[in-house]
Each structure stands twice: as C-alpha cells, then as structure tokens.
Amino acid sequence: MTDTVRILKDIVAGLPQTDGVMSAHLNPVEQVLCVDNVVNPTSLQAHLALLRWLDGLEIPDKMLDTIYLVKAELRYLHWLNYLNQRKPTQQEMIVPPIDVACIWHAHLLSPYRYYEDLLRLYPTSEHMLDYVFPLEKLHKVIASGYQIDLPSEITWLEYTGNEPYVLALNDITTRLVAFSCPWCSKQSEIQWETWARVKTQKGLSFRCQHCTAKCNADTLSGRRFLDDVALYRRDRTRFLAGGIITTRKGTYEEDKIMVEHQMLLLDHEAKWHSQLANGKSWQNCEWKKIVPTLKAVVKELKQERKDTKFRKLTVGRIRGSYMGLITPFSIDLVAAVVRQRDFSSKIIGVNIDSQEGLAASVRRYFMFLMLMKKYWYSNESFIPTLDIDLAWHTHMLFAPRYRAYTTAALSRVTNHDDTIKKGKLDGSLVKTSLKWYQLYKEPYTSENLVLDFMANILRHHHAAVRDLGNLYGDQTAEGVAPPSFEREDGILADHDLMCYTQSPVSPCDRACGAGAGDMAYTIYIVDTGNGYCDGGGCSSVTKAGLCEADTAGDHGH
C-alpha cells in the first residue's frame, strides 16, 4: 500500500458516516476513487463533453455574445419558475435549453450564492433545493448528435408562452426587451443591445419613455435593494441577499439572521422610513444616496456597542449582493459564465480525457478535500489544479449532495470562489502545494510555482539577489534577477521542488533595512527523491533567505 493510500485511509477513518453521506470509497489496488457516488470518471467525462458544448456557444462578436448571455440569464428565471411551479421530479424534469443550462451551471459553481438565492427567491419551496443539474440528460443529447429532445421543447414552449427553445441569433437581434419601469410601473420596450450595455457597462443609461427616469445599473440595483428592504419590513421572513447564510460554514442560522435584520433595518425606523420614501424618486436610488444611510446605521450600532452581534462582513456582503446587479440574483451570472470560460478552455485543452486521467482527477479531488479538512483551522484559501477543479465543479452540480457531503466531511459547506485576485491566487496556490507535499509526499503540480511567486514579490519590493540563470534559464521573470540557490551536489534534478516559509523579519533582517511589519521569505530546494520539507527545516537542502522590504538597499543573506 502506498504512502498516499495509507494517509487517505487514516484521514477517512475519522470522517462521519451519517446516513450514508460519506460514501466515498478507495480501491487500494487501482487507487480509483468515487466521491459521493456521483464524482467518478463517467460523470467527469460527461462534464468535459458539456464544457466543449458550452465553449462552442461563444459568439465571436462580443456585443452579440453579451446579448446572448444577458438574454440567457433572463430565460434562466423562466426555468427556475418552471421548477418551482410545476414541481417535476428529477426524472420528470425536462432537458433545459443549452443557454439556460449554461447559466444554471455557472450559478451552481457559486454554492453559497446559489443556496442563498433559492432560499430568498423561493422561501416556501423546499423542493427547489433538491434539484440537481441534469448532466446525464444533457450528455444523452450530446451522444445523439445534439438532437433536440422533442418532449422537452414542447413543455418549454407551452410553459413560457412560445419562448423559443433554441436561442438563435435572430432572436437576440430582432426582438425587444419588455421593460417595466420601477418608478412609474408603466411598460415599454427597449433594444436588447441597450439592455445588455446597461447591465454590463458602468454608467450607461436609458430614460423611461413615460416618466423619464434615468435607468442604469446604479439606479436599478439601488431600487431593487430598497424594494427588498421594504419587503422585509412588511414580511419578517423575507431576508436580504447576502445576509442569510454564514460566511464561514455556509449554513442557515435563522436566529442570527433575525437579530441582524432587526438591528439593521427595524431598530432605525426614522432613517429607513426617510430613505424608502425618497426611493420613489430615481435620484434617491443612486448608491451614493443609499450608502450614507447604511453607514449611519452601522455607526449608531457601534456607538450602542451592538455591532458585536453581527457576523463578520454581513453588511458588506448585503451591499455587494445588490450594488450594480439588476437581476434578482446576488451574483452577476453573465460575468460568472465569462470567468468560467477561461477554465473551460484550459481544461478541454489538456490531455485528461482518458480513464486513467479522469480517475487520477477524482482521486486527487478527494485528497484535496482531505487536505482542507486537515488544515481547516488555518482559514486559508486552497487553490485547486485544473484536474482537481474539474472534479470539484462536477460535485457542485449535484448541489444537495455537495452540501450534505462537505458538511459531513469538513464540518462546513465548502465554498468555491472564482473571483480571487491573481496576486492572492498565486500565493495561495504556492501554500496549497506546500501543504499537499507535506501531507502526501508527492508533488502537487509540475509548475515552478514558488519561483514565479517570488519573482512577483520582487517586482514590488526592493531586494538584492544573485543570478539563478544557470539553473532556471528563461523561466525567470523579465527584468527580475532571480534568487540564487546552491544544491550540495550542484545539480537541480527534475524531482526537486522549490518551497518557502514566511515569517516576521528578525532583528538581523531589520538591521539591513527591513521594517518591523515586513515578512521574511526563506526559500528551500527540496530533493523529493530523498526527503521532504516539513516546514521546520529540510535535510539535504541549502537555504537562502530574502527579506520582503519596501526600503531601498540590499537584503540578501
């Protein structure tokens, strides 16, 4: 039995086996893992086929592509309403139009937002939380040569009132958007291009044909926020977006939610009464008018020392779930689809579509989950590789199972955030690779993560380092002199790893110019053929230290 299998078995032994939720099993011989009975080579292969289909939907003309996605997001609302009103079983569910499936797919990959949106938009419809993405049905369409499922088309046309099942280019260029003005309640029609630009481009506006209200992402999203505040004040069960589930565990804790909404929206009657009354004017729905009210309420809560009863970041999450968003969702699903395209193009471009590659992807995904379980206390972001991310995405398509499984395995619903900025992403990926190697004694990725990460640090900080060109050649960043390392045997082998530790600077570091708040980075070259770095010192390695300092001067040691 390999070390990896032994480690995984030891970790799994401590997992709960509640109601069959922890159904993952490991084959010690083949090392093929099936996670939660749904993440396996077959489902990953079906997902890859779907990603190829979705990738082919992108329209070269950017404006037409944006209109297509904006219209698909609105059609997704039709889909959710169909599920809510018709209440089909999973087996009875029709095959969604592919543009609708594209938006649903992106929504599911933000599990916190997806769960919260369903709780908020369909508060009395528990069955909405039970549906899973129909991956198998869509794969059958692909296998049939993309032939339309006729019963699904008939049901869709009947439910939506002849909204086309297939969203064609002529539908997005010739038809108009029905717009109901939130200020005068009168109906009008506008061009799809106008609506798409208003939704996706900051500052662009159009005027209501009846009351001349200025309609843009700022005023329309501000009005949506004020409408939801008014709705909550009438019905204490209609909570605001961003303020429903916990940010740490992704759970619904009604007692905390009620206390926060009471303090934020009901205990300051005068402020909200004035704001809601002013909301009848589009000028007062601009966020520059709304934010001061929020800040004034928070300031009073701090003065009354009641802010400690708030979960961290609640107010910011509520604001972020509305500002600039003109559809009912707490996330911009058009932007989410665009972000996912980057992942899709990468994963379908690598050679993973084999039983061995897909089995390795599932196995490594389970190892990734166990890595997060082991280091749950660190409160750090764990960054997946492409193959792990494919399995992770596949799991999230089975939303109710995913919530139950990660809750049982990791004591929380594991969120997935594809909006992390690249600088933080790179640093977290390095840390993930180190923890992976420390636990499993195998490389996380073949990429030279640490060198790239340190080169990025050196771009923004003054540090004198020596040439490493003889070891890394063209891999060093342009204009950056890479740090110098020497192996005792003078050779950098293919199986060697670079890793680093981060700690506050020492008195010696400060003596050479580093400030008290700076961090020191120690780089290790680790011979993975003979040993590994455990974070506290390595055997058969040579250390070279670097200070991360903003002051000018040489900080090499």
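It should be emphasised that the depicted structure is a prediction, and the values quoted were computed from it without experimental measurement.

Caption draft 1: Structural view of unusual backbone geometry. One non-glycine residue with positive phi stands out, namely D36, at about 60 degrees. Along the chain, the position of D36 falls in the loop between β2 (33-34) and α2 (41-55). A positive phi angle is found at K87, which is not glycine, with a value near 50 degrees. Within the secondary structure, K87 sits in the loop between α3 (62-86) and α4 (98-108). On the basis of relative accessibility, which here comes to 52%, the residue K87 falls in the exposed class.

Caption draft 2: Main features of the layout of surface pockets. In this model, the second largest pocket occupies a volume close to 890 Å³. The wall of the second largest pocket is formed by 32 residues, among which L74, L77, I326, T327 and P328 lie closest to the centre. At the level of elements, α3, α5 (111-121), β3 (176-180), α9 (192-200) and α10 (217-234) are the ones that each hand at least two residues to the lining of the second largest pocket. Broken down by class, the residue content of the lining of the second largest pocket amounts to 18 nonpolar, five polar and nine charged.

Caption draft 3: Quick peek at the pattern of salt bridges. All chains considered together, the criterion is met by 18 salt bridges. Across the salt bridge formed by D99 and R75, the nearest N and O atoms sit 2.6 Å from each other. Of this pair, D99 sits in helix α4 while R75 sits in helix α3, and the two are 24 residues apart along the sequence. For the pair formed by D99 and R75, the shared burial category is buried. The structure contains a network of salt bridges with shared partners spanning K71, R75, D99 and E163.

Caption draft 4: Highlighting the packing of α10 against helix α13 (residues 287-303). The geometry of α10 relative to α13 is characterised by a closest axis approach of 9 Å and an angle of 35 degrees between their N-to-C directions. Touching D218, S221, G222, F225 and L226 of α10 are W287, I290 and L294, all from α13. Per-class residue counts for the contact of α10 with α13 are five nonpolar, two polar and one charged.

Caption draft 5: Here's a closer look at the packing of aromatic side chains. A full pass over the atoms with the stated rule returns 16 aromatic pairs. Centre to centre, the rings of Y232 and F239 are 6.1 Å apart; their planes meet at 35 degrees, and the pair counts as tilted. A single burial state applies to Y232 and to F239, both of which are buried. An aromatic cluster of at least three residues, connected via ring pairs, comprises W79, Y82, W104, F133 and Y159. The side chain of K374 reaches across the aromatic face of Y375, ending 6.0 Å from its centre. Here the basic side chain of K435 rests over the ring of Y375, its NZ or CZ set 5.4 Å away from the ring centre.

Caption draft 6: Local environment of empty space enclosed by the protein. For the coordinates displayed, the defined rule picks out two cavities of 30 Å³ or more. Computed from the structure, the largest cavity encloses a volume of approximately 120 Å³. L51, L54, D55, C102, H105, A106, V337, Q340, R341 and S344 are the residues that line the largest cavity. The element best represented in the lining of the largest cavity is helix α15 (residues 333-347), accounting for four residues. Among the residues forming the lining of the largest cavity, the class breakdown is five nonpolar, three polar and two charged. Estimated volume of the second largest cavity: approximately 40 Å³. Contributing to the lining of the second largest cavity are K199, G324, L325, I326, T327, F329, I331 and D332. Taken together, the residues of the lining of the second largest cavity sort by class into four nonpolar, two polar and two charged.

Caption draft 7: Geometry of the nonpolar core. One finds Y76, W79, W195 and F225 to be the most contacted residues of the largest nonpolar core, which totals 138 residues. The element best represented in this core is α3, accounting for 12 residues. Once residues within four sequence positions are removed from consideration, W195 is found in contact with V70, L74, V177, F179, I190, F206, L220 and I326.

Caption draft 8: View of helix α18 (residues 399-410). End to end, α18 covers 16 Å across 12 residues, agreeing with the expected 16 Å (1.5 Å per residue, within 8%). Residues of α18 that are buried: A399, Y402, R403, Y405, T406, A408, A409 and L410. Against α4, α5, α16 (355-374) and α17 (386-396) lie the buried residues of α18. S411 sits one or two positions beyond α18 and adopts a positive phi of about 65 degrees.

Caption draft 9: Inspection of the pairing of strand β4 (residues 187-191) at higher detail. Covered by surrounding structure in β4 are S188 and I190 only, the residues Q187, E189 and Q191 on the alternate face being uncovered. Sheet topology places β3 next to β4; five bridges connect them, and they run antiparallel. Within the sheet, the bridge partner assigned to F179 lies in β4 and is S188. Between the end of β3 and the start of β4, which pair antiparallel, lie six residues, with S185 showing a positive phi angle near 65 degrees.

Thresholds applied
Within any chain, residue numbers begin from 1 and follow the written order of that chain's sequence. In keeping with the predicted nature of the model, local features appear solely for residues at pLDDT of at least 70, side-chain atom pairs appear and are counted solely at 80 or more, and the whole-chain, interface and lining totals rest on all residues. The side-chain figures draw on all heavy atoms in the structure; neither hydrogens nor water molecules are used. Secondary structure counts use DSSP, requiring at least four H or I residues in a row for a helix and at least two E residues in a row for a strand, with both numbered from the N terminus. Type-normalised accessible area, obtained with a 1.4 Å probe on protein chains alone, sets the label of each residue: buried when under 20%, exposed when over 50%, and partly exposed for intermediate values. Computed over the protein atoms alone on a 1 Å grid, cavities are sets of points where a 1.4 Å probe fits but cannot get out and pockets are open sets with protein on both sides within 12 Å along at least five of seven lines; a residue lines them when it has an atom within 4 Å of a point. Grid points are joined across faces, edges and corners, and a volume is the space filled by probe spheres set on the points. Note on residue categories: nonpolar means Ala, Val, Leu, Ile, Met, Phe, Trp, Tyr, Cys or Pro, charged means Asp, Glu, Lys or Arg, and polar means any other residue, Gly included. We define a salt bridge as a contact between a side-chain nitrogen of Lys or Arg and a carboxyl oxygen of Asp or Glu at a distance within 4 Å. Axes, fitted as lines to C-alpha atoms, cover a helix only where it is in contact. Angles between the N-to-C directions of the axes lie from 0 to 180 degrees. In this description, contact between two residues means that some pair of their heavy atoms is separated by no more than 4.5 Å. Note on aromatic contacts: the rings of Phe and Tyr and the six-membered ring of Trp form a pair at centre separations within 6.5 Å, being stacked when their planes are under 30 degrees apart, edge-to-face when over 60 apart, and tilted otherwise. As a reminder, the over-ring test applies to NZ of lysine and CZ of arginine, requiring each to be within 6 Å of the ring centre and within 35 degrees of the ring normal. Side-chain atoms within 4.5 Å link the members of a nonpolar core, which is a set of buried Ala, Val, Leu, Ile, Met, Phe, Trp, Tyr and Cys residues. Helix span is expected to be 1.5 Å times the residue number reduced by one. In short, DSSP must find at least two bridges between two strands for them to pair.

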